[in-house]
Amino acid sequence: MNLQPLYDVKARLEQAAVAGTGLLEEDFRLRKAAEGLAPLAQASPVFGKIAAGLEKLLAAPEETRGVLLLDVLSLTDAVVYTQGRCGLPGELKPLPHHGAGLCQEISYNQLQPLVAALTGSGGGRVETVRSAWEEHPEFFQDYRILPAVVLGLGDSYAEMADQNAEILKKIGAPVLPLLEHNFEPAGKKEMVRRVEVFSQIAGAEATPWLLKILSESRKDVRIAVITALGEDRNNWKLLLDLAKTERGKAREAVLKSLARQTGDAVRAFWTAELAKTPSSVRSLTGSSTEPASDLVAAGLRERLERVLNGKGIVNEKDAQEIQTWLASAQGGKETPAMLDFWRWTAQQRVPLGKLLDHNAKPWDINSTLSDRLLDTLCYTGPGPLCELCRELWENSRGKPDYLTHGLLASLLTRPAGEVYEEFSPYIPTKTPLIEGDKPKLNRAALQGLYRVFWKKETGDWRVYNAHPTAQPLDIRWIVRLTQAVWKKNLQANPGQVDDVVFGGYDVSLMNLVNPDDPEMRDVMAPYLRQRMAQVGGWRTYSRWLFQLGASPRGALKDSMLQVRKPTYLYYVWLVLSEGAKVLPAEEIIALIEEVQEANFLRREDRTLAQQAFPYTIAQLRAGNAFPEWSDWWALR
Amino acid sequence: MELTEQAILLQAPNPAAAENGRKLSRKGSFSGHARSEDGTLYWAACAGSGKTPYRTSLDFSAPGDPVCRCSCPSRQFPCKHALGLMFEILAKKSFQVEEIPADIAEKRAKKAAQVEKKQARATTPKKVNTAALKKKIARQLEGLDMARKMADDLLRSGVGSLAGSSAQSFDKLAKDLGSCYLTGPQADFTRMALAVREMQQNPSQADLCCAQALRTLIHLHAVIKKSQTLLQEQLDTGNYTNNDTILFEALGGVWKLEDLRALGAVRPARLVQLSFDVSFDEAKKEFIERGWWLDMDSGRIDETRNLRPAKALKYVKGDDSRFGLFQVPELFTYPGEGNCRIRWETAETRPLTPEEQAALPALAQPNLAAAVKAGKNQLKNTLMPSFLATLVPIGQLGRVGETFLLEDPAGSRIVLRDRVEDGENHASVLRLTLLPEPVPAGSALFGLLFYDETDQFICLHPYSIVTPERIIRLLF
């Protein structure tokens, strides 16, 4: 049965309702549609009923038309619904399968906030996703969540997109099909992140997919694909071809990928490339491959020899090029050629030290070379380069040149006691203790210790947060550093911490301390109390003492008075409330009394303090918790 | 009562309270764990910010309806301490068997007396105040006249003229209808006011708004027409029984449990939730939390509906997805056709056995044709919802071109499509391609049958897939 007349009637009736019943008399289209329904009306009583209703409507006076129109429209709707079409002819193809993750029983209240944060917009979303990831990582395995996280790689808020990328990397292989699904090679940042995540998860296994999308990829996506291709050591041939065809940033990506490749052809390419464009050496910065290490060593030596053989003055261009090449010497390069280069620079320290820059001032390439070697040591850790640093230190013992390198190399490879015995004399505790170039030796030793940190998460000491020391740090270092006579700032720029400027010495010392070690706590607590009374910084020192489970009592007043400006009451509350978490109530009461004695609050805060302090003491004595700031504020 | 993580989350007034309770349990805030010998009462002390710890107890003497007690001053119920104690039980912490403390025993006795009193009240026949009812009906008729006049005026000038009219006039009428005990038509006129505002703010959406307003008008017309007849008849005959149950709800009537009990709409049931969703009714300014339930004995699909006004969101406890089998001793079914609203006071839950799970797909409609026939019957009734929740057997899921289809074992097909009215947060069709595993043979699909005006197709909006092993929720 052809139902088109019925649909026409419905459309015209709806149009009449939109236009208004006042115009019905002139609605010739509705009349025509009503006429068109006549054959159907004869075939079926229900259509006949509609036709009759239409007739009545068109003949009705204006005041009753509204009701009649809705009557006939309701009826038409009902008939149309019963005539609704079902199904669709044609070959039924199985649904495409892009599934990933798990089907889990997770409720609406658990899942919905996460879905809303991943797919919505506005503030607070990053925190919602972060806490869900920390508390319920299993939610992210859910097949309803995973696609939302993948889509979130294109979030307009970069922090959110980056967080999603990190989550996907941690989930790993199950997300790979989703990253491939609906991939747009000519897309934008979302697609770039997809490639990066895919490459991080799959590593060299990503090559087949990367090759599939390479030809159609454009702009940033192409750069990401080329960079990802560098993960696979078998892609050198393709990358060599791409080096001939790509331009601009895409070629830079090719060079970075080629920097991770090895083999004769790659070495030949780099030899030619560096000869033609020396600045391409930047692409070798992070590379630890044999060709990269050898070529950088050879190039550096050649350039330094050239300036040594010159007139003693290094022009600006040469100086800049050498700095660029030196920066590229980092990244774990420790082939014999590179080690030989460092040995050679040690031998050439005197002639290199005599070179002048284009302004006829000392060029001081030796300290740059020394810093680069130190950076490389911190990056590579124990190994041939570490042994070389020991060797250079052995050869120059008594001089500051390689003391820092020797100290760090020893911490990384030798027993802790031995290292202390060998290097502690360079931290003098009374004068005179060491002969020779005392301040420089002292500074060099401190520079080494400055690079060592206690890492709570792993429970060990690390050189630059990367490689662990061979043994736990000898406690005698802490004792000695608290007794050192020269408390030179360890950091190049002393930090502005809280309301007071003080040296970085104590910051670096605290970096060395394991707060859970009772011996270290016993050494540090009296030292910190003494220092805070000397240099001020009562907030920072108090916090350090709290970290050690100790109290600043006895030093707090003197420390507060060291600061030039009277303090805010809020800062006092911050420190005391932090202390209340680790110290008994009586100790906090004593600290409050010490603050009262100091009487060094802003004038505006004094009235409130006069109420807040006795109130807090009373609360603590009653066994109640330390009040919130809002409780203090309410006392105004 | 078997305490599961899900059961704890359902007790929580909000997800944050549950998480806070979990944290209390994790960080070891509880001490003095004790329980009664029969295992119906658990209690412990929980360290808070005060000097003395809070005394928290859980009373499981009424199965499925635990009573939480705590000495903390929180106004949240249950508080995080009670929820934390639930997590302690879930974590199988050691509870010493002890005598029930006197104060809790006293409270238990009081509670039992209250329950008895409530039951006695429920069996007492309700007095009908006929004078008040007459007055109410007369007022309703007045309101219906007002609504009719407004609808006629609107149709005379045309729905297209809405953009030029004042939303406030519809708001005012809606308010007046509210005072005439006509909350159903009141919501319809608020919808009209919303359509007017949308048209004025977003002229490009005018056609869509007109179509929506017309649908509302048709619904309103049916309500007015049928209600006027019914109410007049009630006034004339003096018989005030709610014979037309659909109209009673369409006018804004609210069923009370004692009414339902009086109607005999109470029975025991075994239920499984197939899906859960939340939507927001802009006109009524309330969140609608719907649970779709399959009766394991009759195969009926009914819905629970938890209405949470936006203004009182934190005072009305939210519902959530529920898993496992619910054994309900007293299931109240609201009058109506199609998917009825259901409700219960207490229920016991347990995981479905593999046999029970395997039996679920067999509760689907015998074939697609039967489901569509039932759907069409509902759709043609203007006063009924414009969809029917149904469970249909899956022969095959697939695509013809870009259209997703379900083919039943007999070879009949239906288009799978998201219902636009439900919004983007209900989109589920594409999730069929993201399922981590293929749909096994002998499965069924649960969803909403609806008519799509755009191409005159009867479609199915998929909500869940019921396999012999599990229920895969495409939504929540």
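Residues numbered from 1 in each chain as written. Chains lettered and ligands numbered in written order. Predicted model: local features only at pLDDT ≥ 70, side-chain atom pairs only at ≥ 80, totals over all residues.

Mapped onto the elements, Thr64 of chain A comes out in helix α5 (residues 62-82). Note: C-alpha distance between Thr64 of chain A and Phe269 of chain A (205 residues apart in sequence) is 91 Å. (Helix = DSSP H or I, 4+ residues; strand = E, 2+ residues; numbered from the N terminus.)

Time to look at the packing of helix α23 (residues 403-413) of chain A against helix α25 (residues 438-450) of chain A. All names here are of chain A. Closest axis-to-axis distance for the α23/α25 pair is 8 Å, and the angle between their directions is 35 degrees. Seen from above, α23 lies across α25 with right-handed handedness. Of the residues in α25, those touching α23 at Leu403, Thr404, Leu407 and Leu408 are Leu441, Ala444, Ala445, Gln447 and Gly448. (Axes fitted to C-alpha atoms, helices over the stretch in contact; angles between N-to-C directions. Left-handed = near helix turned anticlockwise from the far one by under 90°. Contact = placed C-beta atoms within 7 Å.)

All right, on to the interface of chain B and chain A then. Taken together, the contact pairs 58 residues of chain B with 51 residues of chain A. Ranked by residue count, the leading element in the side of chain B that touches chain A is helix α8 (residues 206-237) of chain B, at six residues. Considered class by class, the residues forming the side of chain B that touches chain A number 29 nonpolar, 17 polar and twelve charged. Of the strand pairs in this sheet, strand β1 (residues 93-94) of chain A and strand β13 (residues 396-400) of chain B are connected by two bridges, and their pairing is antiparallel. From the neighbouring strand, Lys93 of chain A faces β13 of chain B, where its bridge partner is Arg399 of chain B. (Nonpolar A, V, L, I, M, F, W, Y, C, P; charged D, E, K, R; others polar. Pairing = 2+ DSSP bridges.)

Right, let's talk about the pairing of β13 of chain B for a bit. Residues and elements named next belong to chain B. Alignment of β13 against strand β14 (residues 403-407), held across five bridges, turns out to be antiparallel. Of the residues in β14, the one forming a bridge with Val400 is Thr403. Connecting β13 to the next strand, β14, in antiparallel fashion are two residues, including Gly401 with a positive phi near 65 degrees.

Right, let's talk about the domain arrangement of chain B for a bit. Splitting chain B by domain gives domain 1 (5-123), domain 2 (130-250), domain 3 (260-352) and domain 4 (362-473). Computed over C-alpha atoms only, the centres of domain 1 of chain B and domain 4 of chain B are separated by 42 Å. (Domains from an automatic or database assignment.)

Glancing now at the pairing of strand β15 (residues 413-416) of chain B. Residues and elements named next belong to chain B. Along β15, one buried face is formed by Arg413 and Val415 and the opposite face, lined by Ile414 and Leu416, is buried too. Here four bridges tie β14 to β15, and the two strands are oriented antiparallel to one another. Paired with Phe404 across the strands is Leu416, a residue of β15. Between the antiparallel neighbours β14 and β15 lie five residues, among them Gly411 with a positive phi of about 100 degrees. Pairing of β15 with strand β17 (residues 457-466) involves two bridges; the strand directions are parallel. Across the sheet, Leu416 pairs through a bridge with Leu460, a residue of β17. (Buried ≥ 20, exposed ≤ 12 C-beta atoms within 10 Å, placed from the backbone.)

Another point: the nonpolar core. Residues Leu69 and Ala445 of chain A are the most contacted members of the largest nonpolar core, which totals 251 residues. Apart from the residues within four sequence positions on either side, Ala445 of chain A is in contact with Leu403, Leu407, Phe423, Tyr426 and Ile427 of chain A. Ranked by size, the runner-up nonpolar core spans 21 residues in total, among them Ala17, Leu24, Phe30 and Leu41 of chain B. (Core = buried A, V, L, I, M, F, W, Y, C linked by C-beta atoms within 7 Å.)

Our focus in this paragraph is the sheet that holds strand β3 (residues 460-463) of chain A. Residue and element names in this part refer to chain A. Strand order across the open sheet formed by three strands is β2-β3-β4, with antiparallel pairing between neighbours. Edge positions in the open sheet fall to β2 (452-455) and β4 (467-468), since each of these has one partner strand only. Sheet topology places β2 next to β3; four bridges connect them, and they run antiparallel. Across the sheet, residue Val452 finds its bridge partner in β3, namely Val463.

The next thing to look at is the confidence of the model for chain B. Residue and element names in this part refer to chain B. When pLDDT is averaged along chain B, the result is 87; 98% of the residues meet or exceed 70. The spread of mean pLDDT over the elements of chain B runs between helix α9 (residues 245-250), the lowest at 79, and strand β12 (residues 387-393), the highest at 95. Scored as a complex, the prediction yields pTM 0.70 and ipTM 0.81. (pLDDT = per-residue confidence, 0-100.)

The subject of this paragraph is the sheet that holds strand β3 (residues 54-59) of chain B. Residue and element names in this part refer to chain B. The five strands lie next to each other as β4-β3-β2-β1-β5, forming an open sheet whose pairing is mixed. Each edge of the open sheet is held by one strand with a lone partner, namely β4 (67-70) and β5 (96-97). Bridge count between strand β2 (residues 41-46) and β3: six bridges; the pairing is antiparallel. Looking at the pairing, Cys46 lines up with Tyr54 of β3. On top of the sheet, helix α3 (residues 80-90) reaches β1 (30-35), β2, β3 and β4; it is set at about 60 degrees to β3, its chief contact.

Turning to helix α32 (residues 585-598) of chain A, a few remarks are in order. Residue and element names in this part refer to chain A. Here α32 contains 14 residues, and its C-alpha end-to-end distance of 20 Å stays within 8% of the 20 Å for a straight helix at 1.5 Å per residue. Those residues of α32 that are buried lie in contact with α30 (556-562), α31 (569-579) and α33 (603-621). Note on α32: the residue one or two positions beyond its end, Asn599, has a positive phi of about 45 degrees. (Expected span 1.5 Å × (residues − 1).)

The periodicity of an α-helix, 3.6 residues per turn, causes residues three or four places apart in sequence to face the same way. Where α31 of chain A is concerned, the buried positions are Leu569, Val572, Trp573, Val575, Leu576 and Gly579 of chain A. Contacts from the buried residues of α31 of chain A go to α29 (538-547), α32, α33 and α34 (629-633) of chain A.

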